[in-house]
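# Coordinate inspection notes
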Amino acid sequence: MYIPESFRISDLETLHSFIEQHSFGIIVSEREGNLLASHVPFLLNRDQGVLGCLRSHMAIKNDHWKVFEKACEVLIIFSGPHAYISPSWYEKKPAVPTWNYAAVHVKAKASIISSDVLDHDLSELVKKYDPVLSGDHTMIPDDFKERLMQAIVGVQFEITDIEGKYKLGQNRSTNDQEGIIAGLKAQPDVDSHLLAKFTEEHRKKGE
């Protein structure tokens with residue numbers, strides 16, 4: 001990923017937090033000259049390995065998982081808020097349109113995990129995203145869960161490299177940055193509002 005220094009995020013705590021907040025990512029890998037990509041949810045274990053470890057699962061009918069039966073390196077992409085930026089929002093002219101966004105790229109070594117670990121991960125996913133459901137065994141009884149688990153495969157990704165890019169107008173003046181936020185807030189779409197909020201939070205933290 002091309003990252004100008006003004007947009008680079010290197011702090012591991014910040015990168016981990018981004019993944020936890022935007023945990024639906026894309027796995028990209030290669031098999032016999034063909035690129036494969038799968039969109040899946042992830043759980044992050046910050047304390048496993050030097051840079052952390054990601055785990056996920058995919059449908060057994062998705063042949064992508066077969067690549068991971070042998071140790072291989074993959075790219076995982078996590079995307080945050082993004083939106084169009086109009087040059088009319090800047091104080092300084094001339095200027096051109098652009099697109100602001102936040103993203104984290106992870107390189108990792110992939111491997112298949114056991115059914116016991118997969119069972120634990122599925123429970124953790126439900127606890128994270130639907131805690132009420134987590135305690136309702138009538139909705140997902142054990143025998144039903146066991147049958148469903150036969151249709152998925154669990155995968156682990158040991159992080160070997162991680163980098164982040166927050167392209168939020170940091171290279172422009174304070175007035176231009178404030179114009180970006182105001183312009184985004186004035187747009188009708190949700191993506192623009194999410195990016196405005198993310199940009200404001202980023203400026204407050206001074207990242």
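I will try to describe carefully the structure that is included in this document.

Each value, and the rule that gives it
Residues numbered from 1 in each chain as written. Predicted model: local features only at pLDDT ≥ 70, side-chain atom pairs only at ≥ 80, totals over all residues. Heavy atoms only, no water. Helix = DSSP H or I, 4+ residues; strand = E, 2+ residues; numbered from the N terminus. Buried < 20%, exposed > 50% of the residue type's maximum accessible area, 1.4 Å probe, protein only. Contact = heavy atoms within 4.5 Å. Areas by Shrake-Rupley, 256 points an atom, 1.4 Å probe, with all protein chains shown as cover. Lys, Arg positive; Asp, Glu negative; His and termini not counted. Charge placed at Lys NZ, Arg CZ, Asp CG, Glu CD. Phe/Tyr/Trp six-rings, centres within 6.5 Å; stacked < 30°, edge-to-face > 60°. Lys NZ or Arg CZ within 6 Å of the ring centre and 35° of its normal. Pairing = 2+ DSSP bridges. Salt bridge = Lys/Arg side-chain N within 4 Å of Asp/Glu carboxyl O. Axes fitted to C-alpha atoms, helices over the stretch in contact; angles between N-to-C directions. Left-handed = near helix turned anticlockwise from the far one by under 90°. Nonpolar A, V, L, I, M, F, W, Y, C, P; charged D, E, K, R; others polar.

## A word on the overall build of the protein chain
From N to C terminus, the protein chain includes six helices and eight strands. Counting helices and strands in the order they occur from the N terminus, the protein chain gives β-α-β-β-β-β-β-β-α-α-α-β-α-α. Overall, the protein chain is about 65 × 40 × 30 Å in size when its C-alpha atoms are taken along their principal axes. For the protein chain, buried positions account for 41% of its 207 residues. Relative to all contacts within the protein chain whose residues are 6 or more apart in sequence, the contacts with residues 24 or more apart total 75%. Element-wise, carbon and sulfur atoms account for 54% of the exposed surface of the protein chain, whose accessible area totals about 11,800 Å². Within the protein chain, the 30 negative side-chain charges are centred at a point lying 5 Å from the centre of the 23 positive side-chain charges.

## Focus on unusual backbone geometry
Of note, the amide linkage connecting Lys93 to Pro94 takes the cis form, showing an omega dihedral of -5°. By the element assignment, Pro94 lies in the loop between β6 (72–85) and β7 (98–112). With a phi close to 50°, Glu32 is a non-glycine residue in the positive phi region. As for its position among the elements, Glu32 is in the loop between β2 (24–31) and β3 (34–41).

## Digging into the packing of aromatic side chains
In this structure the tally under the stated criterion is seven aromatic pairs. Among the aromatic residues, those joined into a cluster by ring pairs are Phe42, Phe68, Phe78 and Phe157. Sitting above the plane of the Tyr90 ring, Arg172 keeps its charged end 3.7 Å from the centroid.

## Topic: the pairing of β2
Bridge count for β2 against β3 is eight bridges, and the pairing is antiparallel. Counterpart to Arg31 in the pairing with β3 is Asn34. Counting the residues in the hairpin turn of β2 and β3 gives two residues, including Glu32, whose phi is positive at 50°. Bridge count for β2 against β6 is three bridges, and the pairing is antiparallel. Counterpart to Ile26 in the pairing with β6 is Ile77.

## Some thoughts on the environment of Ala59
Of note, Ala59 is situated in strand β5 (residues 53–59). Look past the residues within four positions of Ala59 in its chain and what remains in contact with it is Trp65, Ala151 and Ile152.

## Description of the pairing of strand β8 (residues 152–167)
In terms of burial, β8 is largely enclosed, as twelve of its 16 residues are buried. Relative to β8, β5 runs antiparallel, the two being bridged by seven bridges. Within β8, the position partnered with Met58 by the bridge is Val153. Relative to β8, β7 is paired through twelve bridges, and the arrangement is antiparallel. Residue pairing in the sheet places Ala110 in a bridge with Phe157 of β8.

## Here we look at the pattern of salt bridges
Evaluated as defined, the whole model comprises ten salt bridges. Arg55 serves as the salt-bridge partner of Asp121, at 2.6 Å between the closest nitrogen and oxygen. Remark: Arg55 occurs in strand β5 and Asp121 occurs in helix α2 (residues 115–129); sequence separation between them is 66 residues. Residues Arg172 and Asp176 are paired through a salt bridge, measuring 3.0 Å at the closest nitrogen-oxygen approach. Judged by its relative accessible area of 22%, Arg172 is partly exposed. We classify Asp176 as buried; its relative accessible area is 1%. The structure contains a network of salt bridges with shared partners spanning Glu13, Glu20 and Arg46.

## Points about the packing of helix α5 (residues 174–185) against helix α6 (residues 190–205)
At a closest axis distance of 7 Å, the pairing of α5 and α6 adopts a crossing angle of 145°. For the pair α5 and α6, the crossing hand works out as left-handed. Together, Thr174, Gln177, Glu178, Ile181, Leu184 and Lys185 of α5 and Ser192, His193, Leu195, Ala196, Thr199, Glu200 and Arg203 of α6 make up the contact between the two elements. Each residue belonging to the contact of α5 with α6 can be placed in one class, and the counts come to four nonpolar, five polar and four charged.

Limitation: the analysis is restricted to geometry and does not speak to function.
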